[in-house]
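# Report on the structure
Here is how the chains run, residue by residue.
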Amino acid sequence: MNLSDLGDRICILGPSNSGKSTLANVITRKRGLEAVHLDQLFHRPNTDWEQRPRDEFIALHDIAIAGERWVMDGNYSVCMPQRLQRATGLILLDISTASSLLRYFRRTLFEKDRPGALQGGRDSVKWDMIHHIAVVQPRNRKKYRAMFEEFDLPKLQLSSLRAIKQCFRDWNLAR
């Protein structure tokens, strides 16, 4: 599959710390699309990942999906149906729980300017996030795989870090 086959409104789904925001940013640079990081819409800037009110998040999400050219990374099931209805392509990153945990610790401890970071926020290791990655995400992973299969869009599933790196090479994406 070529990157252009995914169209001009691409959704990237997958577990936390799978590389969704990194992939969104490089696709944005390659294709000239707008990057929309749902974590940044869901959380208030300049906080320690404080959530916005649900209605405010949904309004920001709906404004973003109204655009004609975007790459949107994140899951947020509450507004996924309308996002996938507008999407022209779908990428599912489906890396292992162990890989997600390792990436979480690496990004939190060592990456200061990571893609998708919260403006003015500070990343720190949080037990809630470790629990989310280790316990909640494995259940969600099945749901996202089923959703991925259900949609009749150009789509690509990348099920390992190796597959993601190969995709970067195949599409000539520079980080």
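Keep in mind it's a predicted model, so treat the numbers as computed, not measured. (Residues numbered from 1 in each chain as written. Predicted model: local features only at pLDDT ≥ 70, side-chain atom pairs only at ≥ 80, totals over all residues. Heavy atoms only, no water.)

## A closer look at the nonpolar core
This is how the line gets drawn: Think of a nonpolar core as a cluster: buried Ala, Val, Leu, Ile, Met, Phe, Trp, Tyr and Cys residues, connected wherever their side-chain atoms sit within 4.5 Å. Throughout, exposure labels follow a simple rule: accessible area from a 1.4 Å probe, protein chains only, divided by the maximum for the residue type, with under 20% read as buried, over 50% as exposed, and the rest as partly exposed. To qualify as a helix, a DSSP run of H or I must reach at least 4 residues; to qualify as a strand, a run of E must reach at least 2; elements of each kind are numbered from the N terminus. Pairs of residues are marked as contacts when any of their non-hydrogen atoms sit within 4.5 Å.
By size, the foremost hydrophobic cluster in this structure holds 23 residues, and its most contacted members are Val 36, Leu 38, Phe 57, Trp 70, Met 72 and Leu 90. With four residues, the single largest contributor to this core is helix α3 (residues 54-65). If near-sequence neighbours (up to four positions away) are discounted, Leu 90 is found in contact with Leu 6, Cys 11, Leu 13, Leu 84, Phe 148, Leu 153, Pro 154, Lys 155 and Leu 156. Counting 19 residues, the second-largest nonpolar core is a separate cluster that includes Leu 6, Ile 27, Val 71 and Leu 93.

## With respect to the sheet that holds strand β3 (residues 70-73)
The line we're drawing: DSSP calls a pair of strands paired once it identifies at least 2 bridges connecting them. Simply put, an axis is a line fit to the C-alpha atoms, just over the touching stretch for a helix, and the angle between two N-to-C directions goes from 0 to 180 degrees.
Across the sheet, which stays open at both edges, the five strands sit in the order β2-β3-β1-β4-β5 with parallel pairing between neighbours. Two strands lie at the open edges of the sheet, namely β2 (34-37) and β5 (155-158), each paired on one side alone. Direction aside, the axes of adjacent strands within the sheet are offset by 15 degrees on average. Where strand β1 (residues 9-13) meets strand β4 (residues 89-93), four bridges bridge the pair, whose relative direction is parallel. In the strand pairing of β4, Ile 10 is matched with Gly 89.

## Thoughts on helix α1 (residues 20-31)
Let me state the cut-off plainly: Take the number of residues in a helix, subtract one, and multiply by 1.5 Å to get its expected span.
In this model, α1 (12 residues) spans 16 Å end to end at C-alpha, consistent with the 16 Å of a helix rising 1.5 Å per residue. All of the buried residues along α1 are Lys 20, Ser 21, Leu 23, Ala 24, Val 26, Ile 27, Thr 28 and Arg 31. Contacts from the buried residues of α1 go to β1, β2, β3, β4 and α7 (161-170). Positive backbone phi, at 70 degrees, marks Gly 32, one or two positions downstream of α1.

## Overview of the packing of helix α5 (residues 97-110) against helix α6 (residues 127-150)
Quick note on the threshold: Orientation is classified from the angle alone, with under 35 degrees giving roughly parallel, over 145 giving roughly antiparallel, 65 to 115 giving roughly perpendicular, and any other angle giving oblique. The crossing is said to be left-handed when, going from far helix to near helix, the turn is anticlockwise and less than a right angle, and right-handed when the turn is clockwise.
Packing of α5 against α6 brings their axes to within 10 Å, and their N-to-C directions diverge by 150 degrees. Of the possible angle classes, the one that applies to α5 and α6 is roughly antiparallel. For the element pair α5 and α6, the recorded crossing hand is right-handed. From α5, Thr 97, Ser 100, Leu 101, Tyr 104 and Phe 105 reach across to α6, where they touch Met 129, Ile 130, Ile 133, Ala 134, Gln 137, Pro 138 and Arg 141.

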